Amino acid sequence: MNSSPNITFALFSLLLLLSPTYGAHLSPKFYDKSCPKALNTIRATIKTAVSRERRMAASLVRLHFHDCFVQGCDASILLSEQATPNSERNALQNRGSARGFEVVDAAKVEVEKICPGVVSCADILAVAARDASVAVGGPSWAVKLGRRDSKTASRALAERDLPLFTSSLKEHISNFAKKGLNARDLVALSGSHTIGQAQCFTFHDRIYSNSTIDPGFARKRQQQCPRNVNDGASNLAPLDLVTPNSFDNNYFKNLIQKKGLLQSDQVLFNGGSTDNIVVEYSKNPSKFKTDFAAAMIKMGDISPLTGSKGIIRKICSSLN
Ligand code: HEM
Ligand SMILES: *[C@@H]1O[C@H](CO)[C@@H](O)[C@H](O)[C@H]1NC(C)=O
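Residues numbered from 1 in each chain as written. Chains lettered and ligands numbered in written order. Predicted model: local features only at pLDDT ≥ 70, side-chain atom pairs only at ≥ 80, totals over all residues. Heavy atoms only, no water.

A. Representation of the overall build of the chain within the structure. Helices and strands together make up the secondary structure of the chain, namely 14 helices and 2 strands. Here the C-alpha radius of gyration of the chain, 21 Å, is about what a compact globule of 320 residues would show, namely 20 Å. C-alpha atoms of the chain, sized along the principal axes, occupy 75 × 50 × 35 Å. Across the chain, every contact between residues at least 6 apart in sequence was considered, and the portion connecting residues at least 24 apart equals 75%. Accessible surface for the chain amounts to roughly 15000 Å². Of this, 56% is attributable to carbon and sulfur atoms. (Helix = DSSP H or I, 4+ residues; strand = E, 2+ residues; numbered from the N terminus. Rg over C-alpha atoms; globule rule 2.2 N^0.38 Å. Contact = heavy atoms within 4.5 Å. Areas by Shrake-Rupley, 256 points an atom, 1.4 Å probe, with all protein chains shown as cover.)

The structure is reproduced here in structure tokens:
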């Protein structure tokens, strides 16, 4: 038999290994040899945290999203104010609302006990988001691994790149496109608003002055979110009024009834180009779940630090 195709293949593989872009390929097997118990260890911490407080599942999914949209999925959001004056935790979109930091730190402590200096905080957060989804009845997916941690954070980039609840559909679509995500990804990922809570100041204007809202729903939300916003700015309301603690497709059914809590929710179903996707997910929960999982993998691929870039932090909230 002619062996030249094998030689070609061997050379090609060698080239791939040597090329600087090789490391950019994340893989679910990344820690299979270097820390085979990493994934089970993270899962145990996340399961405990979510059983203590269901909302933590939502907070962890959001934390991974807010990490990936700023300098890529590099754990930049985890750096505290003590670690860097540029802490992203102080960005408008995070301050007083991003949560779950102590859970990621706790998972890291457990992982460091079994394999010190091996598993990045960015990967722990990506795995935590998946485990959180599963813990509240959401889909599972194979998390691609091999990200490394940033040495920096950027509050300015966070304020520029994280979406605002006041933006239009067009703006959301273009913000997501800048991260390599399309309108379908935007709708699927926004479906994670099937869990978790939002503060009064984020939906106040919508429940008092927006006509694209179910009047009964607006009145109900006004009960805990006073007309004078200063009287209850941080009061919480569930993003999905029907089943706030379980991951399902009620979020999309709410939108069709004009019961989206945030303006950024309702714009996905308000006569625009994404209406048909919302309808599709409202009718087909399993399609929503498979698209959500695929979009989370895609989001997890945003500009990772790989190879010799970045570091493996010892403590997720601080620099080594
Ligand atoms: C499309 C633009 C989006 C906007 C404008 C937006 C905005 C918000 C706002 C304002 C809150 C409430 C924060 C608070 O009041 O403390 C929130 C919560 C949340 N967001 Fe989004 N979001 C968007 C997309 C996403 C995406 C893509 C994900 C996940 C992949 C996500 C996951 C969550 C989760 C799970 C919560 C609840 C967090 C908790 O309870 O701790 N969001 N979002
Ligand atoms: C009302 O909400 C809709 C849907 O979210 C949005 O398109 C519209 O711009 C909002 N109008 C005002 C006045 O805020």
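B. Region of interest: the site of ligand 1. Near ligand 1, the surroundings consist of 26 residues, among which Arg55, Ser59, Ser97, His193 and Gln199 are the closest. The backbone of Gln199 places a nitrogen or oxygen atom 2.7 Å from an oxygen atom of ligand 1. In this structure the site holding ligand 1 corresponds to the largest pocket. Only α3 (55-68), α7 (169-177), α8 (183-190) and β1 (197-199) provide two or more residues apiece to the shell around ligand 1. Ranked by residue count, the leading element in the shell around ligand 1 is α3, at 6 residues. Of the residues assigned to the shell around ligand 1, the class counts are 12 nonpolar, 11 polar and 3 charged. (Near = heavy atom within 4 Å. Polar contact = N/O pair within 3.5 Å; in protein donor to acceptor, adjacent residues only side chain to side chain. 1 Å grid on protein atoms, 1.4 Å probe; cavity = no way out; pocket = protein on both sides within 12 Å on 5 of 7 lines; lining within 4 Å. Sits in = over half its atoms within 2 Å of the grid points. Nonpolar A, V, L, I, M, F, W, Y, C, P; charged D, E, K, R; others polar.)

Geometric descriptors of this kind do not, in isolation, establish any biological role.
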